[in-house]
Amino acid sequence: MSLLVMKFGGTSVANIDRIRNAALRVGEEVARGHDVIVIVSAMAGKTNELAGMVEEISPLHDAREYDAVVSSGETVTAGLMALILQEMDIPARSWQGWQVPLLTSSAHSAARISEIPTENINAKFSEGMKVAVVAGFQGLSPEGRITTIGRGGSDTTAVAFAAAFNAERCDIHTDVDGIYTTDPRICEKARKLDKIAFEEMLELASLGAKVLQTRSVELAMRYNVRLRVLSSFETAGKTAGTLVCAEEEIMESSIVNGIAHSRDEAKLTLVSVADRPGIAATIFGALSDAGVTVDMIVQNISEEGRTDLTFSCPTSELARARNALDGIRADGRLNFHDLITDTDVAKISAVGIGMRSQSGVAAQMFRTLSNEGINIKVISTSEIKISVLIEKKYMELAVQALHDSFELDSAG
Ligand code: ADP
Ligand code: ASP
Ligand code: MG
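These figures come from a predicted structure and were not determined experimentally.

1. As for the overall build of the chain
And then number 1: For the chain, the helix and strand inventory stands at 12 helices and 18 strands.
And then number 2: The globule rule puts the C-alpha radius of gyration for 412 residues at 22 Å, and the 23 Å found for the chain is close to it.
And then number 3: Taken along the three principal axes of its C-alpha coordinates, the chain extends 75 × 50 × 35 Å.
And then number 4: Burial analysis of the chain (412 residues in total) assigns 51% to the buried set.

2. Examining the site of ligand 1
And then number 1: Surveying the vicinity of ligand 1 reveals 16 residues, the closest of which are T174, D175, Y180, D183 and R185.
And then number 2: Y180 has a polar backbone atom sitting 2.9 Å from a nitrogen atom of ligand 1.
And then number 3: In isolation ligand 1 exposes 570 Å². Once the protein is present, 88% of that is buried.
And then number 4: In terms of residue class, the shell around ligand 1 is built from 6 nonpolar, 5 polar and 5 charged.

3. Observations regarding the pattern of salt bridges
And then number 1: Taken as a whole and judged by the stated rule, the model has 22 salt bridges.
And then number 2: With a closest N to O distance of 3.2 Å, D62 and R64 form a salt bridge.
And then number 3: With a relative accessible area of 34%, D62 lands in the partly exposed category.
And then number 4: Each of E29, R32, R169, D171 and R228 takes part in a single network of salt bridges with overlapping partners.

4. With respect to the nonpolar core
And then number 1: Core analysis: the largest hydrophobic core is formed by 50 residues, its most contacted members being V5, I37, I121, F161, C170, M201 and L212.
And then number 2: Non-local contacts of I37, meaning those with residues more than four positions away in its chain, are made with L3, L4, V5, M6, F125, A132, V134, F161 and F165.
And then number 3: A286, F311, A324 and L325 belong to the second-largest nonpolar core, a separate cluster that totals 22 residues.

5. A word on the site of ligand 2
And then number 1: For ligand 2, the full set of nearby residues is S41, T47, E74, F137, R151, G152, G153 and S154.
And then number 2: The side chain of R151 places a nitrogen or oxygen atom 2.6 Å from an oxygen atom of ligand 2.
And then number 3: S154 places a polar main-chain atom, nitrogen or oxygen, 3.0 Å from an oxygen atom of ligand 2.
And then number 4: In isolation ligand 2 exposes 260 Å². Once the protein is present, 86% of that is buried.

6. A few points about helix 2 (residues 46-57)
And then number 1: With 12 residues, helix 2 extends 17 Å between its outermost C-alpha atoms, agreeing within 8% with the 16 Å of an ideal straight helix rising 1.5 Å per residue.
And then number 2: Residues of helix 2 that are buried make contact with helix 3 (63-70) and helix 4 (72-87).

7. Re the state of the cysteines
And then number 1: Throughout the structure, instances matching the rule amount to 0 disulfides.
And then number 2: The thiol of C170 is not disulfide-bonded; the next cysteine sulfur, from C245, is found 14 Å away.
And then number 3: Using a relative accessible area of 0% as the deciding quantity, one classes C170 as buried.

8. Brief notes about the pairing of strand 11 (residues 227-231)
Within a regular strand, side chains alternate between the sheet's two faces.
And then number 1: In terms of burial, strand 11 is a largely internal element, 5 of the 5 residues being buried.
And then number 2: Of the two faces of strand 11, the one carrying L227, V229 and S231 and the one carrying R228 and L230 are both buried.
And then number 3: With 3 bridges connecting them, strand 11 and strand 12 (residues 242-245) associate as antiparallel partners. Among the inter-strand pairings, L227 is bridged to a residue of strand 12, identified as V244.

9. Considering the packing of helix 6 (residues 154-164) against helix 8 (residues 214-223)
And then number 1: Between helix 6 and helix 8, whose axes approach to 8 Å, the crossing angle comes to 15 degrees. One finds that helix 6 runs roughly parallel with respect to helix 8. Handedness of the helix 6/helix 8 crossing: left-handed. Residues D155, T156, V159, A160 and A163 of helix 6 form the contact with helix 8, whose participating residues are R215, S216, L219, A220 and Y223.

10. What to know about the sheet that holds strand 10 (residues 195-197)
And then number 1: Spatially, 3-6-2-1-9-11-12-10 is the arrangement adopted by the 8 strands of the open sheet, whose pairing is mixed. Since the sheet does not close on itself, it has two edges, and those belong to strand 3 (92-95) and strand 10, each with one partner. Each adjacent strand pair in this sheet contributes to an overall mean axis angle of 20 degrees, direction not counted.
And then number 2: Two strands pair when backbone bridges link them, and strand 2 (residues 35-40) and strand 6 (residues 131-135) are joined in this way by 5 bridges, in the parallel orientation. Following the sheet pairing, I37 is matched in strand 6 by A132.
And then number 3: Its contacts with the sheet place helix 4 against strand 1 (3-8), strand 2, strand 3 and strand 6, and it is angled at close to 165 degrees to strand 6.

11. Let's talk about helix 6
And then number 1: Across the 11 residues that make up helix 6, a large majority, 9, are buried.
And then number 2: Among all positions of helix 6, only S154, D155, T156, T157, A158, V159, A160, F161 and A162 are buried.

12. Observations regarding the packing of helix 7 (residues 198-206) against helix 8
And then number 1: Close contact between helix 7 and helix 8 brings their axes to 8 Å; oriented N to C, the two are set at 165 degrees. With respect to their mutual orientation, helix 7 and helix 8 come out roughly antiparallel. Crossing geometry of helix 7 relative to helix 8 is assigned as left-handed. Contacts from F198, E199, M201, L202, A205 and S206 of helix 7 reach helix 8 at T214, V217, E218, A220 and M221.
And then number 2: Residues that form the contact of helix 7 with helix 8 fall into these classes: 7 nonpolar, 2 polar and 2 charged.

13. Considerations on the packing of aromatic side chains
And then number 1: Counted under the stated rule, the structure contains 2 aromatic pairs.
And then number 2: Geometrically, the ring pair formed by F161 and F165 is stacked, given 5.7 Å between the ring centres and 10 degrees between the ring planes. Of the two residues, F161 and F165, neither departs from the other in class, the shared state being buried.
And then number 3: Ring geometry for F284 and F311: centres 5.6 Å apart, planes at 80 degrees, overall edge-to-face. With a gap of 27 residues between them, F284 in helix 9 (residues 279-289) and F311 in strand 15 (residues 306-313) connect regions that are remote in the sequence.

Criteria and cut-off values
- Residues numbered from 1 in each chain as written.
- Chains lettered and ligands numbered in written order.
- Predicted model: local features only at pLDDT ≥ 70, side-chain atom pairs only at ≥ 80, totals over all residues.
- Heavy atoms only, no water.
- Helix = DSSP H or I, 4+ residues; strand = E, 2+ residues; numbered from the N terminus.
- Rg over C-alpha atoms; globule rule 2.2 N^0.38 Å.
- Buried < 20%, exposed > 50% of the residue type's maximum accessible area, 1.4 Å probe, protein only.
- Near = heavy atom within 4 Å.
- Polar contact = N/O pair within 3.5 Å; in protein donor to acceptor, adjacent residues only side chain to side chain.
- Areas by Shrake-Rupley, 256 points an atom, 1.4 Å probe, with all protein chains shown as cover.
- Nonpolar A, V, L, I, M, F, W, Y, C, P; charged D, E, K, R; others polar.
- Salt bridge = Lys/Arg side-chain N within 4 Å of Asp/Glu carboxyl O.
- Core = buried A, V, L, I, M, F, W, Y, C linked by side-chain atoms within 4.5 Å.
- Contact = heavy atoms within 4.5 Å.
- Expected span 1.5 Å × (residues − 1).
- Disulfide = S-S within 2.5 Å.
- Pairing = 2+ DSSP bridges.
- Axes fitted to C-alpha atoms, helices over the stretch in contact; angles between N-to-C directions.
- Parallel < 35°, antiparallel > 145°, perpendicular 65-115°, else oblique.
- Left-handed = near helix turned anticlockwise from the far one by under 90°.
- Phe/Tyr/Trp six-rings, centres within 6.5 Å; stacked < 30°, edge-to-face > 60°.

See below:
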């Protein structure tokens with residue numbers, strides 16, 4: 001019996017009608033002879049609402065209780081989906097993370113999946129169950145407590161199930177009909193891709209394209225899961241969505257294949273730190289100990305043995321970063337004149353495997369931004385991406401201008 005994993009995101013299960021619509025998609029695959037594992041998200045907006053309530057009680061909340069609360073949205077959707085499938089005469093049962101059990105680390109709110117035993121669910125399939133509806137996002141820690149695996153984590157639950165159960169395919173149903181050259185909500189010229197390479201999707205996801213959680217792409221790449229992104233609002237077969245696959249499966253590839261953006265950026269500048277060996281290690285060691293994920297780093301030219309040092313991190317980690325730096329200043333490990341922070345920034349990135357062998361992409365990117373009068377604050381590059389930090393108000397303009405400049409609206 002072939003098995004499919006079908007994931008439905010928040011907008012696709014936003015109310016009973018939408019869950020019914022999703023259940024019809026599942027029913028179509030059951031009618032084709034598949035067993036199905038359905039992974040559901042919480043209804044649109046639910047997780048934010050739950051997280052908001054926790055924040056209201058305490059910004060420095062106990063992470064175990066945060067997970068107990070925010071994981072509950074998925075529990076509701078899973079039960080509702082199972083009920084609707086049963087109403088359609090499809091043998092279905094819901095599973096919460098702990099019932100599977102989806103085993104994770106104990107890093108609450110950002111737990112890593114360690115194992116998904118298949119016995120419980122497979123036993124039910126052999127008794128005639130056709131659909132297992134699993135609550136996404138949820139796991140079980142070694143201490144026996146409920147964990148969550150990071151915002152957008154249901155994508156990762158889906159891919160992890162596809163890998164564990166050796167599924168034929170993992171279909172991620174969402175509110176757009178595939179992966180585009182850039183966010184179609186920001187750039188109307190965005191073009192849907194038929195295929196995208198794992199490496200490119202990995203970069204786009206980690207640089208802010210939230211259509212797939214980064215971890216889900218990592219897992220799909222590692223376990224060679226056939227991963228597809230498609231709309232939950234169109235009948236199966238009408239659109240094939242986008243396949244995320246190995247580079248070798250893609251015939252034609254441009255130098256730049258996608259533009260990503262992220263508003264979730266904070267820029268910090270340490271003014272006048274000593275320019276001598278060990279200083280960077282002190283600063284970034286303290287930030288790392290505080291759990292701050294530093295992204296871009298620039299160090300200015302040194303004058304009279306002192307220099308300015310700028311770096312970026314997610315906005316949610318800004319307070320922790322400031323704490324850590326104040327801490328090493330207070331205990332005398334670091335001396336600086338000032339710490340300037342700026343959250344009015346956005347990160348724009350151009351991504352493409354073709355950059356490995358082509359020069360000139362950075363120059364074209366900087367020229368395009370300069371033609372629009374957009375100032376670049378920080379730059380970082382890797383083998384297949386170039387990122388810049390710019391003023392937030394120019395974010396959409398920058399995405400559109402770069403999309404035009406790299407001619408992403410036309411294939412090839
Ligand atoms: P779900 O609730 O189904 O998980 P998400 O909101 O997490 O959906 O992800 C889908 C959204 O991702 C789209 O609505 C779109 O705005 C955004 N997005 C960002 N970049 C891209 C891209 N390159 N292609 C498609 N969608 C993108
Ligand atoms: N409901 C969770 C979130 O909003 C997980 C998900 O939808 O993927 O982050
Ligand atoms: Mg999502």
